[in-house]
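Given next are the chains, with one letter for each unit.
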Amino acid sequence: MTREELLEKVKTSRPSVTVVGLGGAGCNIVTWIADKKLAGGKIIGANTDASHLSTMTRADKIILLGEKLCKGHGCGGFPERGAEAAKENLAEIKEDLKGTNLLFLVAGLGGGSGTGSIPVFAGVGREAGALTIACVTIPFTIEMTRREKARDAIRSLAEVCDSIVVIDNSKLREVAGNLPLKDALSVANALVGSFVKNLTDTITQPSLINLDYADLRAIMERGGISSIGIGEGDGANRVEKAVSQALSTPLLDITDISTAYGVLIHIVGGEDLTLEEVAVAGEQIMDKVPNTKRVIWGAKVDPMLTGAVRVMAVLTGVTCPFLSGIAKPAPQIPKEVVKPLREAMEHMAESFPRETISRAAVFSKEK
Ligand SMILES: Nc1nc2c(ncn2[C@@H]2O[C@H](COP(=O)(O)OP(=O)(O)OP(=O)(O)O)[C@@H](O)[C@H]2O)c(=O)[nH]1
Ligand SMILES: [Mg+2]
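Residues numbered from 1 in each chain as written. Chains lettered and ligands numbered in written order. Predicted model: local features only at pLDDT ≥ 70, side-chain atom pairs only at ≥ 80, totals over all residues.

Student: Where do I start with unusual backbone geometry in this structure?
Tutor: Excluding glycine, a negative phi dihedral is what most residues carry, and trans is how most peptide bonds are arranged. Positive phi, normally seen in glycine, also occurs at K71, with a value near 55°. Of note, K71 is situated in the loop between α4 (67-70) and α5 (79-88). Positioned with a positive phi, R222 is a non-glycine residue whose angle comes to about 50°. Within the secondary structure, R222 sits in the loop between α11 (209-220) and β7 (224-234). (Helix = DSSP H or I, 4+ residues; strand = E, 2+ residues; numbered from the N terminus.)

Student: Quick question: what am I supposed to make of the packing of helix α12 (residues 238-248) against helix α13 (residues 275-288) here?
Tutor: Contact pair α12 / α13: the axes reach a minimum separation of 9 Å and the direction vectors enclose 35°. Here α12 and α13 pass one another in a crossing that is right-handed. Contacts from V239, E240, V243 and L247 in α12 reach E277, V280, A281, Q284, I285 and K288 in α13. (Axes fitted to C-alpha atoms, helices over the stretch in contact; angles between N-to-C directions. Left-handed = near helix turned anticlockwise from the far one by under 90°. Contact = placed C-beta atoms within 7 Å.)

Student: Quick question: what am I supposed to make of helix α7 (residues 113-127) here?
Tutor: An α-helical segment advances 3.6 residues per turn. Residues three or four places apart therefore align on the same side. If you check α7, its first and last C-alpha atoms are 22 Å apart, about what 15 residues at 1.5 Å a residue would give, namely 21 Å. Judged by how many residues are buried, α7 sits mostly within the fold: twelve of 15 residues are covered. Once α7 finishes, G129 follows within two positions and takes phi at roughly 85°, a positive value. (Expected span 1.5 Å × (residues − 1). Buried ≥ 20, exposed ≤ 12 C-beta atoms within 10 Å, placed from the backbone.)

Student: Just checking my understanding: could you explain the pairing of strand β6 (residues 163-168) for this structure?
Tutor: Consecutive side chains along a regular strand alternate between the two faces of the sheet. Counting buried positions over the six residues of β6 gives six, a clear majority of the element. In this sheet, β6 lies alongside strand β5 (residues 131-138) in parallel orientation, the contact comprising six bridges. Paired with C135 across the strands is V165, a residue of β6. (Pairing = 2+ DSSP bridges.)

Here it is as structure tokens:
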């Protein structure tokens, strides 16, 4: 094979990524991602609400769902309507998702449009052979009936998605507590947004693509319910601190961290981040989650970030009392970690590397 042929091969084998925001919250989250520039992926906004959709000026494509049924007015909190609406656009959705290898579906569960349409999009993605990952938030504890709807939606999503990354808004409230609602929601948007952006950027970096995509697929394919945690550290043992925090405060209550099927860790540090630190992080994760079948960890250098490291952990294949229908009050996030966690989230919300990522690597370990 000539070098030209090889370069052509690299280009054509690069995984194609599509990120779809569904409903009001989903569209807001993908707008955050579009603002930060997603490397090598297509962004679609889909909603039954025409006026909200018209604000999505940065999406590559917008889809007005169920124009006949909802007449551009939204679906008033009824997921059945959201599902019917999406079915009206089935042919268009199939066309838009054709050829996608990695599909992220983003929504705030609890309303009508996002909650109802997400399983329809997931079904299409799965049929097209894409690794289909839903990233959803579940409503605040006070939104009782909405939480019930979200639970039903996650159960039906489990049939059609590879992994469902769930963030509990109530957990966010413990951290973001007295922030004004708009700011608390933008922290949530940044958190879901950076999860999607981190993974997408990592696997679309030219050098290690196939390995990265295959690794991601191995961990997220049929991964079930997943939870994420974030951490930040500086000074001595900064990676250790950040990894510990990320693993110990997931944003969805899970029954037992040590039963997670897979763990994916994403580390971002400044130019001073050493390979040794990154390698130690991997060993540390293995110690903390001893029964895990697969661990992958990636590191990225952001020259803007000197001295500190930021970590995002994804635990796949977890069980969660809320989803199992156990109405036990969730344990609170320990007081001493609320402040650092909140700072880490706020940092994530405000600063994100623009074109500054200079290197990326992925490591993997299988047991
Ligand atoms: N992260 C985040 N969550 C939000 C935002 N707005 C609303 N939510 C949450 O998402 C849930 C669903 O709200 P929407 O996305 O507005 O609902 P929708 O899918 O547009 O559904 P309908 O308006 O009924 O058609 C709410 O119950 C909130 O918990 C937002 O901007 N960001
Ligand atoms: Mg809406």
